[in-house]
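So you can see what is in the structure, the chains are spelled out below.
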Amino acid sequence: MPEPLFERIALLGIGLIGSSVARIAREHGHLAREVVANARTQATLDRVVHLGIADRVELDVARAVEGADCVMLCAPVGAYADLALAIAPHLAPGAILTDVGSTKQSVIRDVGPLVPAGVHFVPAHPLAGTEYSGPDAGFTTLFEGRWCLLTPPPGTDAMAVEKVAELWRRCGSLIEVMEPAHHDRVLAIVSHLPHLLAFTICGTADDLADESRQQVLKFAASGFRDFTRIASSDPTMWRDVFLNNREALLEMLARFTEDAQAMARAVRWGDGEYIEDKIMRGRAIRRSLIELKQA
Ligand code: NAP
């Protein structure tokens, strides 16, 4: 087994993503010699102790990062600015500060200016998740075969970028380095817009008159059920994603709305060819995903 990459990793936020990293670190021993977990509430840390997925828990975020050579922000992105402010004076010189947030321009905007000289800031986003949250939700195979996108700002130390890439490789991820603005546009279409549609369609169904609403639940297996799975995701996390990728999300939503209008027009005027063509394109995308093993 290779030597651990880090002496001590501090995970600030220990929900689905943080606890998955913690589990991998503890189970395989090749990420860090010591895992320190921090959360917003003591109840979560008590749960972490019960699960035995960290060497130490710290409610005080400043103490959590002291002496850590890797600090990973694993909280909702809206909490990053306050977290960065609280930890900045306590980061060890030479430490790597990284994150797992679903938006990248906002993270660089909120955290970047607070990073002390001598600390290496390497933003990252593992494209892996489920609709579950909290420390019980994590598991060691979450990142296997999934992409992890790194968006280092210009001038970031290449060794630090490579170390974060290696951390995610050891979690089973495939690595790609990307411009933060490009990341946010791509994620707006592959993740943020689909979640917005799922939350919206569940709201639309819920607004129906009582009798129809009951039928929605009864016959949900017809397609609605798949939307409800996505829509059961954590509200704080998704609120923060929408508010922190506002421009790209609104742009993709505008494009989608135009396409939905075109589809409505085809339905209204009986344009079967148009409808069939759209469905064929959907099927082709699904086939490509299966071939790329991302389905
Ligand atoms: P989660 O399961 O809801 O856990 C969030 C953790 O952050 C909890 O330990 C929570 O502590 C802590 N936290 C600290 N400050 C907080 C605050 N102000 N508000 C709420 N929680 C706070 O979240 P997650 O799914 O692991 O997501 C963590 C990060 O990963 C987010 O930035 C998200 O964008 C990103 N991400 C998520 C997914 C996904 O599918 N879920 C995928 C890739 C990336 P308490 O438990 O004490 O509240």
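Just so you know, these numbers come straight off a predicted model, no measurement behind them. (Residues numbered from 1 in each chain as written. Predicted model: local features only at pLDDT ≥ 70, side-chain atom pairs only at ≥ 80, totals over all residues. Heavy atoms only, no water.)

Novice: I would appreciate a short explanation of the site of the ligand in the present structure.
Specialist: Every one of the 27 residues lining the ligand counts as a neighbour, but Thr41, Thr44, Ala75, Ser102 and Gly134 are closest to it. Within the side chain of Ser102, an N or O atom sits 2.6 Å from an oxygen atom of the ligand. In this structure, Gly134 approaches the ligand through a main-chain N or O atom, which is 2.8 Å from an oxygen atom. Here the ligand loses 87% of its free accessible area of 890 Å² to cover by the protein chains. Only α1 (16–28) and β7 (124–126) provide two or more residues apiece to the shell around the ligand. Here the shell around the ligand is built from residues that sort into 14 nonpolar, 11 polar and two charged. (Near = heavy atom within 4 Å. Polar contact = N/O pair within 3.5 Å; in protein donor to acceptor, adjacent residues only side chain to side chain. Areas by Shrake-Rupley, 256 points an atom, 1.4 Å probe, with all protein chains shown as cover. Helix = DSSP H or I, 4+ residues; strand = E, 2+ residues; numbered from the N terminus. Nonpolar A, V, L, I, M, F, W, Y, C, P; charged D, E, K, R; others polar.)

Novice: Mind showing me how you'd approach a negative patch on the surface here?
Specialist: On the surface, a cluster of negative charge is made up of Asp271, Glu273, Glu276 and Asp277. Examined against the element boundaries, Glu276 turns out to sit in helix α12 (residues 272–291). Judged by its relative accessible area of 52%, Glu276 falls in the exposed class. (Patch = residues over 30% accessible without salt bridge, like charges linked within 9 Å, V, L, I, M, F, W, Y side chains within 5 Å. Salt bridge = Lys/Arg side-chain N within 4 Å of Asp/Glu carboxyl O. Lys, Arg positive; Asp, Glu negative; His and termini not counted. Charge placed at Lys NZ, Arg CZ, Asp CG, Glu CD. Buried < 20%, exposed > 50% of the residue type's maximum accessible area, 1.4 Å probe, protein only.)

Novice: Just to check I follow, could you spell out the sheet that holds strand β8 (residues 147–150) for this structure?
Specialist: Paired through their backbone hydrogen bonds, the strands of a sheet run either parallel or antiparallel. Across the sheet, three strands lie side by side as β7-β8-β9; this open sheet has mixed pairing. Edge positions in the open sheet fall to β7 and β9 (174–177), since each of these has one partner strand only. Each strand of the sheet is rotated relative to its neighbour by a mean of 20 degrees, with strand direction disregarded. As paired strands, β7 and β8 are joined by three bridges and run antiparallel to one another. Considered in β8, the bridge of Pro126 is made with Cys148. Sitting on the sheet, helix α6 (residues 158–170) is in contact with β7, β8 and β9, with an inclination near 165 degrees to β8. (Pairing = 2+ DSSP bridges. Axes fitted to C-alpha atoms, helices over the stretch in contact; angles between N-to-C directions. Contact = heavy atoms within 4.5 Å.)

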